[in-house]
Amino acid sequence: LYEARVSTVHMAAGDAEGFVRLMGEAYERSGRDPSRGVDHVLAQARFGDAVQAQALLEGIDISLLPPMAKGFLPWARGLLQARRGDAQAVQPLGQAVSELLQMANQPAIWTVLALCSADHALALARSGDPERARQHGDEHRCCLEGRLAKRHPRRHGDRHQESR
């Protein structure tokens, strides 16, 4: 997991190549753990080699994934379709958002949900539906703000009230 943690430093610094490389190292050092594999697929799909990401995705034994990780599979598929310019990316990205929303009571999923929702909104806009993309973004932003307000009412309560 060390490599996966350090990869986030590279990502924050704008070093996408270092991020992808370290996610790959994390996958290899984990003994090719399927969850680390999905992380590597997502890194490759977003910033690296889409062909390699597709091959990695096809090689993951999804039966070994924990239930929480299974929502990441349609996200990876949708990102790969989007990289190819396929308008059908909207469907798996929408599925991923729906599955991730089922876990939105867990703060650890909020960043992932925000990223996946943004990917879905971009796919909607690119497929010629900018109004639905805007609505989608507003809907999920309010969902996340509402959860933040429940957990941290002093910091987020006022802003949540304004967004209604």
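Residues numbered from 1 in each chain as written. Predicted model: local features only at pLDDT ≥ 70, side-chain atom pairs only at ≥ 80, totals over all residues. Heavy atoms only, no water.

1. As for the overall build of the protein chain
Point 1. The secondary structure content of the protein chain amounts to 9 helices and 0 strands.
Point 2. Starting at the N terminus and walking to the C terminus, you meet the elements of the protein chain as α-α-α-α-α-α-α-α-α.
Point 3. Going through the 164 residues of the protein chain one by one, you find that 41% of them count as buried.
Point 4. In the protein chain, the proportion of contacts linking residues at least 24 apart, taken out of those at least 6 apart, comes to 45%.
Point 5. Within the structure as shown, the protein chain displays about 9400 Å² of accessible surface, and the carbon and sulfur contribution to it stands at 52%. (Helix = DSSP H or I, 4+ residues; strand = E, 2+ residues; numbered from the N terminus. Buried < 20%, exposed > 50% of the residue type's maximum accessible area, 1.4 Å probe, protein only. Contact = heavy atoms within 4.5 Å. Areas by Shrake-Rupley, 256 points an atom, 1.4 Å probe, with all protein chains shown as cover.)

2. So, the layout of surface pockets
Point 1. What the largest pocket holds in volume is close to 910 Å³.
Point 2. What lines the largest pocket is a set of 27 residues, and nearest its centre among them are Met23, Asp39, Leu42, Phe72 and Val112.
Point 3. Put simply, the parts of the chain that give the lining of the largest pocket at least two residues each are α1 (2-12), α2 (16-29), α3 (34-47), α5 (72-83) and α7 (110-126).
Point 4. For the lining of the largest pocket, a count of residues per class yields 19 nonpolar, 4 polar and 4 charged. (1 Å grid on protein atoms, 1.4 Å probe; cavity = no way out; pocket = protein on both sides within 12 Å on 5 of 7 lines; lining within 4 Å. Points joined across faces, edges and corners; volume = space filled by probe spheres on them. Nonpolar A, V, L, I, M, F, W, Y, C, P; charged D, E, K, R; others polar.)

3. A word on the packing of aromatic side chains
Point 1. Under the definition given, this model contains 2 aromatic pairs.
Point 2. Summarising the aromatic geometry, the rings of Phe19 and Phe47 are spaced 5.9 Å apart at their centres and angled 85 degrees between planes, so their arrangement reads as edge-to-face. Placement of Phe19 in helix α2 and of Phe47 in helix α3 is noted, with a sequence separation of 28 residues between them.
Point 3. Overall, Phe19 belongs to the buried group, its relative accessible area being 13%. (Phe/Tyr/Trp six-rings, centres within 6.5 Å; stacked < 30°, edge-to-face > 60°.)

4. Looking at the nonpolar core
Point 1. One finds Val38, Val41, Leu42, Phe72, Trp75, Leu100 and Ile109 to be the most contacted residues of the largest nonpolar core, which totals 34 residues.
Point 2. Secondary-structure elements contributing two or more residues to this core are α3, α4 (50-59), α5, α6 (90-101) and α7.
Point 3. Here this core gets 7 residues from one element, more than from any other, and that element is α7.
Point 4. Once residues lying within four places of it in the same chain are set aside, the contact partners of Leu100 are Gly71, Phe72, Ile109, Val112, Leu113 and Cys116.
Point 5. Phe19, Val20, Ala26 and Ala43 belong to the second largest nonpolar core, which has 6 residues in total. (Core = buried A, V, L, I, M, F, W, Y, C linked by side-chain atoms within 4.5 Å.)

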